Amino acid sequence: MEMHSVGSLISIVEDDPLVREGLISLMKSAGFATQAFASAEEFLSLAHRDDIACLLLDIRLPGISGLELQSQLTATSNHRIPVVFMTARDDEATRQRALKGGAVDFLRKPVRREALLNAVNLALQQNDGS
């Protein structure tokens, strides 16, 4: 599968430094620009979100959760950022809430490289279509 939006900015919100670094490395190796944050609050302090093509978002974060961040972004932004959730604790209620909130995908950690890249590509296609 060809990456059609190489150079697109992928934002990562993940509190585990090792996982965050692994995601940065994977996205860069696939040709994406990245920016990473340890918390939702750190992400929200970013001034301009209009250039973000996809958000890789952990469900469980210190402070504001991934689901809460998704809700805030949906409520306050006129630029809808496609979200791919990642979680170590998958439960059906959380999965349904995330998908109902507009998430592109909901992946269980450890996330397979192919599954994550496929989800990012799907997010980028949705972003191109909006």
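Summarised in this report is the structure supplied together with it.

About the thresholds
- Throughout, residues of each chain are indexed from 1 in the direction in which the sequence is written.
- Owing to the predicted nature of the model, reporting of local features is limited to residues with pLDDT of at least 70; listing and counting of side-chain atom pairs is limited to 80 or more, with chain, interface and lining totals taken over all residues.
- With hydrogens and water set aside, each side-chain value is computed from the structure's full complement of heavy atoms.
- Throughout this description, the term nonpolar core refers to a set of buried Ala, Val, Leu, Ile, Met, Phe, Trp, Tyr and Cys residues connected via side-chain atoms within 4.5 Å.
- Working definition: with a 1.4 Å probe on protein chains only, accessible area under 20% of the residue-type maximum means buried, over 50% means exposed, and in between means partly exposed.
- Going along the chain from the N terminus, every DSSP run of H or I of four or more residues is numbered as a helix, and every run of E of two or more is numbered as a strand.
- Whether two residues are in contact is decided by their heavy atoms, any of which lying within 4.5 Å being enough.
- Paired strands are those between which DSSP finds at least two bridges.

## Quick notes on the nonpolar core
Counting 22 residues, the largest nonpolar core has Ile10, Met27, Leu56, Val84, Leu116 and Val120 as its most contacted members. No other element matches the 7 residues that helix α5 (residues 113-129) contributes to this core. Residues within four places of Met27 in sequence aside, it is in contact with Ile10, Ile12, Phe32, Thr34, Leu56, Leu116, Leu117 and Val120. Formed by 20 residues, the second largest nonpolar core is a distinct cluster that contains Val13, Ala40, Leu57 and Ile81.

## Overview of the pairing of strand β2 (residues 33-37)
The side chains of a regular strand alternate, residue by residue, between the two faces of the sheet. Taken together, the 5 bridges between strand β1 (residues 9-13) and β2 define a ladder with parallel strand orientation. Across the sheet, the residue bridging to Val13 is Phe37, located in β2.

## With respect to the environment of Ile81
Looking at the element boundaries, Ile81 is found in the loop between α3 (66-76) and β4 (83-87). Relative accessible area serves as the criterion here: at 9%, Ile81 is assigned to the buried category. The spatial distance from the C-alpha of Ile81 to the C-alpha of Ile64 is 17 Å, given a sequence separation of 17 residues. For Ile81, the contacting residues outside a window of four places in its chain are Phe43, Arg49, Ile52, Cys54 and Leu55.

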